[in-house]
Amino acid sequence: MSELNANSIELRLPSKLGYEKVAMNTAASVAKLMGFAEDRVEDLKTAVAEACINAMEHGNKMDDSLSVGVILSIVADSLEVKVTDTGDGPKHAQAAPDIDKKMHGEEDPRGMGMFLIQALVDEAEWVSSPPQGSYARMVIHLHRNA
Amino acid sequence: MQDQGTRVKVEEVSCAAGSPITVLRFTGDITSASQTVVTGTYEGLPETVKRIILDFSKVEYLNSSGIALIIQMMIAASKKDQKIVTFGLTPHFQKVFTMVGITKYTSLHPDEKAACAAFV
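Rules of the game
Residue numbers run consecutively from 1 along every chain, following the written order of its sequence. Labels are handed out in written order, letters beginning with A for the chains and numbers beginning with 1 for the ligands. Since the coordinates come from a predicted model, pLDDT governs what is reported: local features require at least 70, and pairs of side-chain atoms require 80 or more to be given and counted, while whole-chain, interface and lining totals use all residues. With hydrogens and water stripped out, all remaining heavy atoms of the structure feed into the side-chain values. Each axis is a line fitted through C-alpha atoms, and for a helix only the stretch in contact is used; angles between axes span 0 to 180 degrees, taken between their N-to-C directions. A run of DSSP states H or I qualifies as a helix once it reaches four residues; a run of E qualifies as a strand once it reaches two. Both are numbered from the N-terminal end. To sort the angles, those under 35 degrees are grouped as roughly parallel, those over 145 as roughly antiparallel, those from 65 to 115 as roughly perpendicular, and the leftovers as oblique. Helix crossings are classified by the rotation of the near helix relative to the far one: an anticlockwise turn of less than a right angle makes the crossing left-handed, while a clockwise turn makes it right-handed. Only heavy atoms matter for contacts: two residues are in contact if any of them lie within 4.5 Å across the pair. Side-chain classes follow a simple rule in which Ala, Val, Leu, Ile, Met, Phe, Trp, Tyr, Cys and Pro form the nonpolar group, Asp, Glu, Lys and Arg form the charged group, and the remainder, Gly included, forms the polar group. We call two strands paired when DSSP finds no fewer than two bridges between them. Nine residue types can take part in a nonpolar core, namely buried Ala, Val, Leu, Ile, Met, Phe, Trp, Tyr and Cys, and a core is a set of them joined through side-chain atoms within 4.5 Å. The rule is simple: take the accessible area with a 1.4 Å probe, protein chains only, and divide by the maximum for that residue type; under 20% is buried, over 50% is exposed, in between is partly exposed. In what follows, salt bridge is the name for a side-chain nitrogen of Lys or Arg lying within 4 Å of a carboxyl oxygen of Asp or Glu. Pairs of N or O atoms within 3.5 Å make up the polar contacts considered here, provided that, within protein, one atom can donate a hydrogen while the other can accept it, and that residues adjacent in sequence are counted only when both atoms are side-chain atoms. A pair of Phe, Tyr and Trp rings is counted when the ring centres sit within 6.5 Å of each other, with Trp represented by its six-membered ring. The angle between the planes then sorts it: under 30 degrees is stacked, over 60 is edge-to-face, the rest tilted.

Undergrad: Looking at this structure, I do not really get the packing of helix H2 (residues 38-59) of chain A against helix H4 (residues 113-120) of chain A. What am I missing?
TA: The angle between the axes and the distance between the axes are what describe a pair of packed helices. Residue and element names in this part refer to chain A. The interhelical angle for the contact between H2 and H4, taken along N-to-C directions, is 150°, at an axis separation of 9 Å. With respect to H4, the element H2 is oriented roughly antiparallel. Here H2 and H4 pass one another in a crossing that is left-handed. Seen from H2, the contacting residues are Arg40, Asp43, Thr46, Ala47, Glu50, Ala51 and Asn54; seen from H4, they are Gly113, Met114, Ile117 and Leu120. Looking at the contact of H2 with H4, its residues break down into 5 nonpolar, 3 polar and 3 charged.

Okay, here's the thing in C-alpha cells:
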C-alpha cells in the first residue's frame, strides 16, 4: 500500500452503514478540486460507496469496533482511492449481474457492488494482504487514455 | 450516522387513457435500510393495481442494495402482471440501471409526462 504523502487524505470510518457517504463525499470533493467532470465524479462516488459497503459487510463483517480505512492519493492527473478492511478480500471476481437470472430467482438480487466498481472506474483491483487485511484499489484518470 | 431515511408517497394519477396509474414517489436514500419502507409500501398496494410509476426525482442517494430492492419489487410485479416504468433518475443512475440490465424490465423516462405516455 502506498505511503501517505502531502497529496494524500486518509479517513477511518466505523463499520456502520451510512458512513460510506463520508468517504463518497470526500472523494467527490477531491475529484472536483482536481477538475474531474461531473459524470466522472458521480462514477467515483458510486464506486467509493460500494467499496466501503463491501469492506464493512464482507471485510469487517459489520463489526463496528473495526474501522474501514480510506486513502485518497493524488498522483499526477489521477486519483487513487484505497479502501481497507480486516478481511481476506474477495475470493473470486464477481461476474456481471444477469438480470434475467435475478428476475427468475436464480441469482441474488444483490451482489452488484464489485461489478459496478469495475465498470465505473478506470482501474480496479482487490488485494489480499494478510494478516493486515485487504484492500480495494480504484483509480480514475483525468484523461481516459492516461 | 443518520441517513436521509426513505419516504414513499403513494399517489394515483390520471394522465393517460384507462384506469388511474399508481405513482410511488421516493424521497431520501434508497439503501438496505429502506427494505421495510420500500417492500411494505409495494406490498400494501391493492391487487387491482396494474400500472406503476416509480418517481426517483427526489432520491438523494441510491446504492446497489437499494437497486436490489427495486429489482425485488420488479420480480414481485412480474408475478402480478403489473407494469412498472420509472422517471426522475439522474443521468448517472440511468447509466447504472442500464449497466445492470434493469432496463430490460422497465423503461426509464425523463419526467412524469413521458412515463405516463409509456402506458398508452
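Undergrad: What should I look at first to understand unusual backbone geometry in this one?
TA: Peptide bonds are, in most cases, trans, and in most cases residues other than glycine have a negative phi. Phi angles above zero are rare outside glycine, and A:Lys61 is one such case at about 50°. The phi torsion at B:Asp81 lies on the positive side, around 60°, for a residue other than glycine. Secondary-structure assignment places B:Asp81 in the loop between helix H2 (64-79) and strand S4 (83-87).

Undergrad: What exactly am I supposed to notice about the sheet that holds strand S3 (residues 78-85) of chain A here?
TA: Where strands meet in a sheet, backbone hydrogen bonds hold them as pairs that are either parallel or antiparallel. Residue and element names in this part refer to chain A. Overall, antiparallel pairing links the 5 strands, which are arranged S1-S2-S3-S5-S4 in an open sheet. Edge positions in the open sheet fall to strand S1 (8-14) and strand S4 (123-129), since each of these has one partner strand only. Between one strand axis and the next, the sheet turns through 15° on average, direction left out of account. With 8 bridges joining them, S3 and strand S5 (residues 133-141) adopt antiparallel strand pairing. Bridge pairing in S5 places Thr84 opposite Tyr135. This element, helix H1 (residues 20-34), spans S1, strand S2 (67-75) and S3 of the sheet and lies at about 165° to S1.

Undergrad: Any chance you could explain the nonpolar core here in plain terms?
TA: Buried together is how nonpolar side chains tend to be arranged in soluble globular proteins. Core analysis: the largest hydrophobic core is formed by 35 residues, its most contacted members being B:Phe26, B:Leu54, B:Phe56, B:Ile67 and B:Met73. Looking at this core, the elements with two or more residues in it are helix H3 (99-103) and H4 of chain A together with strand S2 (21-30), helix H1 (35-43), strand S3 (51-62), H2 and helix H3 (91-100) of chain B. Among the elements that make up this core, the one with the highest residue count is H2(B) (9 residues). Sequence-distant contacts of B:Ile67, defined by excluding residues within four places in its chain, comprise A:Met112, B:Leu62, B:Val96, B:Phe97, B:Val100 and B:Ile102. If you look at the next biggest cluster of nonpolar residues, it comprises 28 residues, including A:Val30, A:Val48, A:Val68 and A:Leu79.

Undergrad: When you look at the interface of chain B and chain A in this model, what are you seeing that I'm missing?
TA: The extent of an interface is frequently quoted as the accessible surface area lost upon association of the parts. Facing the 26 residues of chain B at the interface are 27 residues of chain A. Linking chain B with chain A are 3 salt bridges, by the criterion used here. Note that A:Asp100 is salt-bridged to B:Lys104, the shortest N-O span being 2.6 Å. For the pair chain B and chain A, the number of links is 10 residue pairs in polar contact (both at pLDDT 80 or more). When residues of the side of chain B that touches chain A are traced back to their parent elements, those giving at least two are H2 and H3 of chain B. Residue composition of the side of chain B that touches chain A, grouped by class: 13 nonpolar, 9 polar and 4 charged.

Undergrad: Hey, could you run me through the packing of H1(B) against H2(B) in this one?
TA: All names here are of chain B. For the pair H1 and H2, the least separation of the axes is 10 Å and the interaxial angle reads 20°. Comparing their axes, H2 and H1 come out roughly parallel. Note that H1 runs across H2; the crossing there is right-handed. Residues Gln35, Val38, Thr39 and Tyr42 of H1 pack against Leu69, Gln72, Met73, Ala76 and Ala77 of H2. Residue classes in the contact of H1 with H2 are distributed as 6 nonpolar, 3 polar and no charged.

Undergrad: Sorry if this is basic, but what is going on with the pairing of S4(A) here?
TA: Consecutive side chains of a regular strand alternate in pointing toward one face of the sheet and then the other. Judged from the 7 bridges that link them, S4(A) and S5(A) form a sheet pairing that is antiparallel. Pairing of A:Ser128 across the sheet is with A:Ser134, part of S5(A).

Undergrad: So what exactly am I meant to see when it comes to the packing of aromatic side chains here?
TA: Working definition: an aromatic ring pair is given by the centre-to-centre distance plus the angle between the planes. Residues and elements named next belong to chain B. In total, this model carries 2 aromatic pairs over all chains according to the counting rule given. Here Phe26 and Phe56 contribute two aromatic rings whose centre-to-centre distance is 5.4 Å and whose plane-to-plane angle is 15°, an arrangement assigned as stacked. Here Phe56 lies in strand S3 and Phe26 lies in strand S2, a separation of 30 residues in the sequence. Taken as a pair, Phe26 and Phe56 share a single burial class, namely buried. Ring geometry for Phe56 and Phe97: centres 5.9 Å apart, planes at 75°, overall edge-to-face. Placement of the pair is Phe56 in strand S3 and Phe97 in helix H3, with a sequence separation of 41 residues.

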